[in-house]
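A structural walkthrough
Here's the letter readout for the chains.
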Amino acid sequence: MENINDLMPLSNDWNKERLTQLKNLFPDLFTNEGKLNIEELKKVVDPASVSETERYEFRWFGKSASKRNAFTPSNATLMLDESRSVNPSESENIIIEGENLEALKLLSDSYREQVKCIYIDPPYNTGKDFVYSDNFTEDKKPYWEQTGVTENGVKVDTNLEADGRFHSNWLNMLYSRLLIARSLLKPEGVIFISIDDNEVHHLRKLCDEVFGEENFGGQIIWQTATDNNPTQIATEHEYVLCYLKDKNEQDFWEVPSDKGKIIQEKYDELQGKYNEDIESIQTELRKWIRSQTNGNDLSGVAHYSYIDEQGVYYPGNSANTKPGGYTYDIIHPISGNVCAKPEYGYRWPFDTFKEADKRSDVQWGDDENTIPKIKKRLDTVSQRLKSYYYEDNRATSGELKTLFGGVKVFNNPKSVNFLKHIFKFVTNENDLILDFFGGSGSTGQAIFELNKQDNLNRRYVLVQIPELTDGKTEAFKAGYKKISDITIERNKRVVEKIIEEKKKLQPDLFTNGHKEDAIKGLGFKVFKLVKSNFPRVEWAPDVDKTDEENIALLKKYIADKEAQLVTAFNRDELLTEILIKNGFQLNYKADKQEQFKKNEILLATDGIKETLICLDVAIDADTVEHFKKHTDKKFICLERALDTTKKYNLKHYLGDLFNAF
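Bear in mind the structure is a predicted one, so any value in this text is a computation, not a measurement. (Residues numbered from 1 in each chain as written. Predicted model: local features only at pLDDT ≥ 70, side-chain atom pairs only at ≥ 80, totals over all residues. Heavy atoms only, no water.)

So, on to helix α10 (residues 278-290). Along its 13 residues, α10 runs 18 Å from first to last C-alpha, staying within 8% of the 18 Å computed at 1.5 Å per residue. The set of residues buried in α10 consists of Ile281, Leu285, Trp288 and Ile289. Each buried residue of α10 sits inside an arc of 95 degrees when the element is viewed along its axis, so together they form one side. Among the exposed residues of α10, those pointing more than 90 degrees away from its buried face are Glu279 and Arg290. (Helix = DSSP H or I, 4+ residues; strand = E, 2+ residues; numbered from the N terminus. Expected span 1.5 Å × (residues − 1). Buried < 20%, exposed > 50% of the residue type's maximum accessible area, 1.4 Å probe, protein only. Arc of directions from axis to C-beta.)

Next comes the structure, spelled out in structure tokens:
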């Protein structure tokens, strides 16, 4: 007899569901086998209670410290650099000059799950390049705070192979940044990482841990140039690793064929020339396709050379290639007899033929002796992102040199064509792309050019540390003292170039008040990573003084810091910092609200969130009375601007909508 429990429906396994949700949110808390690592969970709750002994299969020195560093708060902020921004009111693009770990931390709240695509080209750890030597000890200041960072740049450390922690240093640098980067990706988001043979095996393991082995999207082999070095095997390629935030959230990556577009453009030209004479158009199109062997690469689409009233097509083979195809009768539309059938049956079910016939997409023979075929239209030809890509990087370097008037400002810039190639598969209207190893700014140029191509409005955030350029280089001699200067200048020149091209093609767009429409999206805001405006505890007691004396010194220190905040701050800087820390994106707008007579109060919005905010040193009683009657909007002000009564009233009437900094 069957067990009655076998016949009863099982209730939902809530523990399993909660573990699945936890893994989706924090995959780094799970082992490579997908089991919850209790020790890693304990580190989140109480780090002091867990030994630093590493337990994952993939281990290296400093891993735990790197992970902690990813999730510690930042004491930095971002300051708008209006003088180096370009058309800031017409664009939501952002370039951040500063150390990228601190920048990512500042973006982690306001841009959480807002980024569709991340592309990074980190140091390859060849022994000749650098790594960002993150300081995990509190007695060392981070890069953004070191003397001269924002004015003269900063030279980061070289990672030498002689260092016993050569690979560990590199892994620590990437680990903390990738952990934060994952949180910025949308559920359907994707990350591409350029790398070469030196660290590709380690990067793959690292990404398996951060993103989950099951979310590996693939690996592109990018043939870049001929290698004439005396090695056993000439290395002529790099890699681009692809990982998904959640493979279950991904759509199929497919876009219209670029080669198909070339044939379509020629067809359109011939259609105008021959006044829709189908036979002449088809003859000329086939001649032109044959002539392109040394011109356009039309491989894979050259057989699309048939023309009918609806355009270009190819009659696809209807026959199944092995036994087991579909068997049915098709009646010839003229003779009324059953058409000849393929030996192994048709490739398509009968309904597919019926639908194709309704669209006039069946190619019939003169009589029933020809097997009918379904026409495949040129405009349905698509291409997929493939695991191999070729481009000679010497052309890429030449393009950048030309953009800078013949000056070689950067060695080995990333290919704009390759970046456009991958972005068109995974991004669309209003999508946000992040590159936190900005380099020369190739990502920004690729997005500007791709938007121009398909008339979309993708946005970007680039981050580049103000690393000093070598004094012997052409870049330095041309006035570019930091790599970030090149990043900014390159994007500025690309914007100016596209605007000039638009003016020549459509000058009317720049007259009669249409200029704003013409330059929409063509620009960026520059932000610099700087020290926070808010007082931080940098005071330490003097062991040679009494407790009473130290308490007095502490009170004086606090008072001085508070006074400094009120008297010395830049209002715009403080506004930006407060809004970032309240989850606002950097494209916010702030407009003065005229209904407030006793305080200057702004309505800040980034299109997602909004708040009223006041940076006055004192909140007037009339303002408090307003918020007693109007309790529907969030209000932020300075803590020092309130006495106890005003603070109580605002908190009482606004509740969680009130926040004092």
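With that settled, the discussion passes to the packing of helix α20 (residues 621-629) against helix α21 (residues 644-654). Where α20 contacts α21, the axes come no closer than 9 Å and their chain directions differ by 15 degrees. One way to sum up the angle between α20 and α21 is to call them roughly parallel. Two packed elements cross with a definite hand, and for α20 against α21 that hand is left-handed. Within the contact between the two elements, α20 uses Ala621, Val624, Phe627 and Lys628 and α21 uses Lys646, Asn649, Leu650, Tyr653 and Leu654. (Axes fitted to C-alpha atoms, helices over the stretch in contact; angles between N-to-C directions. Parallel < 35°, antiparallel > 145°, perpendicular 65-115°, else oblique. Left-handed = near helix turned anticlockwise from the far one by under 90°. Contact = heavy atoms within 4.5 Å.)

A separate point is the pattern of salt bridges. Counted by the stated rule, this structure contains 37 salt bridges. For the salt bridge of Lys414 with Glu238, the shortest nitrogen-to-oxygen distance reads 3.4 Å. With Lys414 in the loop between α12 (393-403) and α13 (416-426) and Glu238 in strand β6 (residues 237-244), the pair connects residues that are 176 residues apart, well separated along the chain. Just as Lys414 is buried, Glu238 falls in that class too. Among the salt bridges present, the one from Lys452 reaches Glu501, with a minimum N-O distance of 2.4 Å. Taken as a pair, Lys452 in helix α14 (residues 442-454) and Glu501 in helix α16 (residues 483-505) lie far apart in primary sequence, 49 residues in all. Residue Glu501 is classed as partly exposed on the basis of its relative accessible area of 26%. Residues joined in a network through salt bridges with shared partners are Asp81, Arg84, Glu97, Lys482 and Asp485. (Salt bridge = Lys/Arg side-chain N within 4 Å of Asp/Glu carboxyl O.)

Before going further, it helps to spend a moment on the environment of Lys414. According to the relative accessible area criterion, Lys414 is buried, its value standing at 10%. Spatially, the C-alpha atoms of Lys414 and Thr443 are 8.2 Å apart, while their sequence positions differ by 29 residues. Polar side-chain contacts of Lys414 include one of 3.3 Å to the side chain of Tyr124. (Polar contact = N/O pair within 3.5 Å; in protein donor to acceptor, adjacent residues only side chain to side chain.)

Another point: the packing of aromatic side chains. According to the stated counting rule, one finds 21 aromatic pairs in the structure shown. Ring centres of Trp222 and Phe418 lie 4.1 Å apart, and the angle between their planes is 20 degrees; on these two criteria the pair is classed as stacked. Note that Trp222 is positioned in strand β5 (residues 216-223) and Phe418 in helix α13, a separation of 196 residues in sequence. Each of the two residues, Trp222 as well as Phe418, counts as buried. Plain terms: the ring middles of Tyr328 and Phe353 are 6.1 Å apart, the flat faces sit at 75 degrees to each other, and that makes the pair edge-to-face. In this pair, Tyr328 sits in the loop between β9 (311-316) and α11 (350-358) while Phe353 sits in helix α11, placing the two residues 25 residues apart along the sequence. Residues Tyr328 and Phe353 agree in their burial class; the two are buried. Joined through ring pairs, the aromatic side chains of Tyr304, Tyr306, Tyr313 and Tyr314 make up one cluster. (Phe/Tyr/Trp six-rings, centres within 6.5 Å; stacked < 30°, edge-to-face > 60°.)

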